[in-house]
Structures are given as structure tokens and as C-alpha cells.
Amino acid sequence: MDADPTADMQRKAGEIQRLAAEAEGEAVSEDGKVRVVAGAAGNIKVLDLRLSAFELSGVELGEVIVETIKAAERKVQADLSAEMSRIMGVSVGEDVFGGGLTRIEPETEA
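Every chain's residues receive numbers from 1 upward, in the order its sequence appears when written. At least 70 in pLDDT is required for a residue's local features to be given in this predicted model, at least 80 for side-chain atom pairs to be given and counted, and no such filter applies to totals for whole chains, interfaces and linings, which use all residues. Each side-chain value is worked out from all heavy atoms of the structure, with water and hydrogens disregarded.

A short note on the pattern of salt bridges
Item 1. Think of a salt bridge as a Lys or Arg side-chain nitrogen and an Asp or Glu carboxyl oxygen that are within 4 Å of each other. Across all of its chains, the model carries twelve salt bridges by this definition.
Item 2. Arg-11 serves as the salt-bridge partner of Asp-8, at 3.0 Å between the closest nitrogen and oxygen. You can see Asp-8 and its partner Arg-11 sitting in helix H1 (residues 5-22), three residues apart, about one turn around the helix.
Item 3. Note on Asp-8: relative accessible area 28%, which makes it partly exposed.
Item 4. Of the charged contacts in the structure, one is a salt bridge between Glu-24 and Lys-45, with a shortest N-O distance of 3.4 Å. Of this pair, Glu-24 sits in strand E1 (residues 24-28) while Lys-45 sits in strand E3 (residues 44-49), and the two are 21 residues apart along the sequence. Runs of E in the DSSP output that reach at least two residues are strands. Runs of H or I that reach at least four are helices, and both are numbered from the N terminus. For the exposure calls, accessible area comes from a 1.4 Å probe over protein chains only, and a residue counts as buried if that area is under 20% of its type's maximum, exposed if over 50%, partly exposed in between.

Here it is in C-alpha cells:
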């Protein structure tokens, strides 16, 4: 006799929730000056700046931090998508965690 499909789906949903809460993605900038660990919800868990990072201008350092954060977020999204695909048994695209709704521009009168 097959297992209860509702119970199976609830188990899978619980496992995905647990994974989403625990998921982390780590990225290091190309020059090694910045390291970021991001969570699946877009939260930054670790922002590590090497002493050499302070040799950059404020604008340069900001750009390196933002790019490293984006790389860490892409990593956690890819890892979580792969795990969801494994659990659900179907392919789940990495963009499923892209977040938010597409912005709708207000209509303007010409």
C-alpha cells in the first residue's frame, strides 16, 4: 500500500523549510579582501573584511562588498534549488528564490 500523499507532501515541506532556515552560501571576492556568508532569506550572516580591503576607496570597497554579497546569494539559491529538486523529485529553477514581485510602473497620461 502506498504512503499517504498528504503526509509525504507535509514531510517534504517541513524538510524544505528546515533547509531554507539553515542554508548558507559563501563567497570571497576575487582579490580575497571580502568574504560574505549569506542566508537563504537574503540576510548577511558574515561580512569579513581583510585589512587590505581598507586600502580601497569607499566606492571601490562598496562595489566589492555588493558583488560579493550577490555571489553569496547566488550560491545559496543554487544550493537550495538543488536540494529542493532532490526532495521534490522535479527540477526547481534557481530563480525560484529571486524574491519579490516584478515592479509595475504606474500608468502615465500622455
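A closer look at the packing of H1 against helix H2 (residues 58-88)
Between two packed helices, what matters for the description is the angle formed by their axes and the separation of those axes.
Item 1. Note on geometry: axes are lines fitted to C-alpha atoms, helical ones only across the stretch in contact, with angles between N-to-C directions running from 0 to 180 degrees. As a packed pair, H1 and H2 sit with axes 10 Å apart at the nearest point and diverge in direction by 165°. Of the possible angle classes, the one that applies to H1 and H2 is roughly antiparallel. For H1 against H2, the interelement crossing comes out right-handed. Along its contact with H1, which presents Met-9, Lys-12, Glu-15, Ile-16, Leu-19 and Ala-20, the element H2 presents Leu-80, Glu-83, Met-84, Arg-86, Ile-87 and Met-88.
Item 2. When residue character is reported, Ala, Val, Leu, Ile, Met, Phe, Trp, Tyr, Cys and Pro are called nonpolar, Asp, Glu, Lys and Arg charged, and the others, Gly included, polar. Looking at the contact of H1 with H2, its residues break down into eight nonpolar, no polar and four charged. An angle counts as roughly parallel when it lies under 35 degrees, as roughly antiparallel when it exceeds 145, as roughly perpendicular when it falls between 65 and 115, and as oblique in every other case. Each crossing gets its handedness from the near helix: less than a right angle anticlockwise from the far helix is left-handed, clockwise is right-handed. In what follows, residue pairs with any heavy atoms lying within 4.5 Å of each other are defined as contacts.

Overview of the environment of Glu-83
Item 1. Tracing the sequence through the fold places Glu-83 in helix H2.
Item 2. By relative accessible area, which is 29% here, Glu-83 ends up partly exposed.
Item 3. Placed 67 residues apart in sequence, Glu-83 and Ile-16 show a C-alpha to C-alpha distance of 8.1 Å.

Quick notes on the side chain of Ser-29
Item 1. Relative to the helices and strands, Ser-29 resides in the loop between E1 and strand E2 (34-39).
Item 2. Within 3.5 Å is the distance limit for a polar contact, defined as a pair of N or O atoms, with the added protein rule that one can donate a hydrogen and the other accept it, and that residues adjacent in sequence qualify only through two side-chain atoms. At 2.6 Å, the side chain of Ser-29 and the side chain of Asp-31 are in polar contact.
Item 3. When sequence neighbours within four positions are dropped, the list of residues in contact with Ser-29 reads Val-34, Val-64 and Thr-68.

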